[in-house]
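Structural overview
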Amino acid sequence: MKRRSYIASVTIAYAVGALLWVYLSDRFIESVGGSIGFGVFSTLKGFVFVAVTTALLYFALHAAAQGTDEARPVLAFRSWVLFALLALLTLPVGLISYAVFRSASDTLLGERRGQLEFMTEAVARSIDADVARGMLDATPQAPQQPQAALLAIVTDGSAGFSRLQEFAGLMGDSGRVLLASKTGSDGRWMIAGAQQALPDALVPLAAAGAAGLAADVITPPDDVPLLVAAAMVPAANAVLIATVATADVVDDVRGVAFLSAITAAACLVVAGALTLLFVQRQRLRVALAEADQKAALHAAEERFRATFEQAAEGIAHLDLDGRFLRVNETLCALLGYGRADLLGRSYADVRPNIRAGAVGSTSREAVSSLPSGTVVEARSDQPHLTRAGKEIWLSCVQSIARDTPEGEGYIILMASDATARIVAEHHLTLAEAVFTNTQEGLVVTDLAGRITAVNPAFVAITGHGEAEVLGQTMRFLNSGRHDRLFYQLLWAALKDNGVWRGEIWNRRKDGALYLQQTVISTVYGRTGAPESYVGAFNDITQARKSELEVDRLTRYDPLTGLPNRTLIFSLIEHELTRPDTQCAVLYIDIDHLKTINDSLGFAAGDEVLRAAAQHLRKAVPEDATIGRYGADEFVVLIDGCEGPKEAIRFADRLIDALGEPFTAEGVSNLFINASIGISLYPEDASDAETLLQHAHSALYQAKSRGGRTYAFYTDALTRDARARVELVANLRRALAEHEFTVHYQPIVRLEDQTIVGAEALVRWITPEGEMIGPDRFIPVAEETGLIVPLGDFVLATACTQMARWRTARLPCAFVAVNISAGQLNATDICAKTEAALAAAGVPADSIEFEITESMLFGADSGAESKLKRIAELGVRIAIDDFGTGYSSLAYLKRFPISRLKIDQSFVRDLPASAVDGELVRAMIAMARALDIEILAEGVEEAAQMAFLIANGCTFGQGYFWSRPLPPERFEALFSNAFGAAGAKSASR
């Protein structure tokens, strides 16, 4: 058992035993009739005593357990001192026992006094007049001595006396009962029936009892103390007196006090005995520990000797002069010497400087520094000479050992044969040189494909530095030319055969594609399990280009350089074999090419075809496929086309690209038109031939409409496309004929319902009076680029209107104008803004630009600098539809934002929606923290306005105040104060 466990167990056992003894002693007190108060006091006294003695016992045991050989006398002295302290506790325990006895005596006397008073009064009241008269007249035959008469019970067996006998029996063996009356002219008290005077000690109590109930402890002369109670008998002129000897009351207490003293003494004896036993046990343990220590020292010496002799490494002890003191058999075997030959020999005899630099200066300094203690350990690989003169390499570790800190000590040398490792390292150096200097690119990966090493040729071929590629997978070189199936087959062959050979297209750091001849091999470990992969490759791009040039002559059109009919058909077939592919085929015909050939000649026609091919290449993405399918026909394959809308976008781009002017045969500003037929896979066909056929059919539909348009193979899609073409044409016409106008919606300060500004909103009113909503024409304008001139019109109109309002002194501080991504990306946005402000003659702070979150999220550094320049002009920047973008708040610190407009989707369900409420509160709190103004859009109800005001929103905008209005109707709003009724009427 451990020392702490033993101390804890002995202490706990003592405490439990002592508490159990206290508990049993208290139960004994209860059983002999002790009072409740005395029992509680005794219990508390016992607990305090047990706690004190337990703590002293624990400290005694703990002090005994700390003893050592040098401290044994001190240990014994402390133990006896502690035991003496425990013994001295006997005196306070005795005092406590006496106090307990006194307290218990007083308590019991008080309880018995109350009981006696109650019983005496009750019996006195129960005696009727006849009985009382009979007792007074009775002449008992009792002794004549006063004391004897006092202690005798008055009885002659007549009626009434039996009740007094029962009363006396209830009071115990020492209980007595008598009657006394006041008779004679002298008024003395007489014992009833005995004609004897009442003892003087009882006279005051009898007198007090005549006046009322009385009780006291009295001590008659030459007698024991008595507890006496006196009560008036109402039925007669007499007093009933009851007495009990106090000795009988406190007899039980004496037994309890004695028991408490015995308990304290027993606890002291047990504690002292345990202390002495533990001290003896500790001394025995110290003696046993010394014996075990000697045995362990002997065993350690034996183990050291066995380890020294049987170690797999050579071990030697050298003195500080470098001479062998002890050597083991392993070192002797390594050097070829016997033990006797090495002992006393200098270490320099077996490790001479047989070649320059064999022992480096650093190593020599380290070994020489060992005795001084500045170097704790010296490690090195050094050549050694065997007895036969053969050179071997040993890996040596030298350290200093001292028996005492001040002693000189000796050097410990541990050596192992490193010849094989040195040879392996040499081979590894050669392999590293080959790895570094080979012209083939080499790459090593782990089993997960992560790169662990590359050679300089890899860096030269790919353009990626070593630090860039370590830890990455080879996927970062992916060219995109191989599908998933290609790589699945590669890994399957590598796992099954351990090697894969083939060609792979990869991408250099600069984005250029190159073709490499590759061999990937599996490296197996000693257990036969694969550990890594090694790839070796050569760049064969130039060689393949030569091959492709030959193939190009047969597969490409010599005039335009595009794939010819055969190749484009094969490419479409290949695209359709890819799983889950979606693509579109655009069949393009150059309108009226025959007219150019007839008027300018076939050379001009060829120039037109070459120019058309160049325009098509510029208009389509890099991964799209373009081919010349006939004389004036081209085919464009758009892979990954997700539907008709994307196909329309490409068709528009191609038509616009082919409509650009060019020069042919000296004729400048030549224009050509193109018609396009579109078919989609897999919606319109399931194979390449049918897909081309359907696209060709759609082409004739487009040409039948006059050319310079497109048509889908599906009639419904064709109708939609026609409607869009018409909308674009009408949009261009509307811009040219000034069919657009600007309406204004008020921006209100919520605190006082005052109009502080307006938002300019464009409206399209046709000549027929139809108003076309911005949701219909704005997306088309953005797609076609018409949003730029449309936005310029709105900006110029807003500046002009602001100038009129300033002249009319209307309290409109600013007009907010929405800026599109096309306007922001335009190079002259800042110049246009300055020009519009100057033309209208209004200050810059009277205009506010509203941009969306999505525009900021995708904004590049150029857009950021433009916004900063606009802000420097004094134009304020507001974020429209805040909260609906990409939820990236980084732009709040990147861009000069002055106002945030909470999108109406968050306001619509206020105040009923708890989620929207929390989001709006968060936006308001964030804007306040960043010192940015906050405005809520889409306010339509008074409850929404009240919620915004209660949560600190500054500005509001919505139908609650007014719809967007023409300028003249908007001006009328300034004459009305926005109250509850006014707001509703204005909104209508």
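A quick note: this is a predicted structure, and the numbers were derived from the prediction, not measured.

**Quick notes on the packing of helix α19 (residues 593-600) against helix α20 (residues 602-619)**
Where α19 meets α20, the closest approach of the two axes is 6 Å, and the angle between their N-to-C directions is 140 degrees. The orientation of α19 with respect to α20, classified from their angle, is oblique. Where α19 abuts α20, its residues Leu593, Ile596, Asn597 and Leu600 lie against Phe602, Ala604, Gly605, Val608 and Leu609. Grouping the amino acids of the contact of α19 with α20 by side-chain chemistry returns seven nonpolar, two polar and no charged.

**Side note on the sheet that holds strand β15 (residues 513-524)**
In spatial order, the strands read β13-β12-β16-β15-β14; together these five strands make up an open sheet with antiparallel pairing. The open sheet has two free edges, formed respectively by β13 (451-454) and β14 (499-507), since each of these has just one partner strand. Taken over all neighbouring pairs, the strand axes of this sheet differ in orientation by 25 degrees on average, direction set aside. Bridge count for strand β12 (residues 441-446) against strand β16 (residues 530-539) is six bridges, and the pairing is antiparallel. Counted as the bridge partner of glycine 441 is phenylalanine 537 from β16. The sheet contacts of helix α16 (residues 484-497) involve β14, β15 and β16, and relative to β14 the element is tilted by about 150 degrees.

**Considerations on the pattern of salt bridges**
Side chains that differ in sign of charge can pair as their charged atoms come close. Scanning the model with the defined rule gives 32 salt bridges in all. For aspartate 349, the salt bridge is made with arginine 345, and the minimal N-O distance between the two is 3.8 Å. A residue is classified by how much of its surface remains accessible, and arginine 345, at 28% relative accessible area, is partly exposed. The salt bridge involving arginine 544 is made with glutamate 503; its shortest N-O contact spans 2.5 Å. Separated by 41 residues along the polypeptide, arginine 544 in helix α17 (residues 541-555) and glutamate 503 in strand β14 bring together distant segments of the chain. A cluster of three or more residues bridged by salt bridges with shared partners is formed by Glu759, Glu850, Lys901 and Glu937.

**Observations concerning the confidence of the model for the protein**
Counting all residues, the mean pLDDT for the protein is 79, and 75% of those residues have values of 70 or more. The least confident element of the protein, judged by mean pLDDT, is helix α6 (residues 146-151) at 37; the most confident is strand β32 (residues 955-956) at 96. Considering only residues more than four positions removed or in separate chains, one finds that residues 68-72, a stretch of pLDDT under 50, has six contacts. Segment residues 979-988 is flagged for pLDDT under 50; beyond a separation of four residues in sequence, or across chains, it makes 14 contacts in the model.

**Some points on the state of the cysteines**
Under the counting rule described, the total for this entry stands at zero disulfides. The thiol of cysteine 641 is not disulfide-bonded; the next cysteine sulfur, from cysteine 583, is found 8.1 Å away. Given the relative accessible area of 3%, cysteine 641 is considered buried.

What counts and what doesn't
Residues numbered from 1 in each chain as written. Predicted model: local features only at pLDDT ≥ 70, side-chain atom pairs only at ≥ 80, totals over all residues. Heavy atoms only, no water. Axes fitted to C-alpha atoms, helices over the stretch in contact; angles between N-to-C directions. Helix = DSSP H or I, 4+ residues; strand = E, 2+ residues; numbered from the N terminus. Parallel < 35°, antiparallel > 145°, perpendicular 65-115°, else oblique. Contact = heavy atoms within 4.5 Å. Nonpolar A, V, L, I, M, F, W, Y, C, P; charged D, E, K, R; others polar. Pairing = 2+ DSSP bridges. Salt bridge = Lys/Arg side-chain N within 4 Å of Asp/Glu carboxyl O. Buried < 20%, exposed > 50% of the residue type's maximum accessible area, 1.4 Å probe, protein only. pLDDT = per-residue confidence, 0-100. Disulfide = S-S within 2.5 Å.

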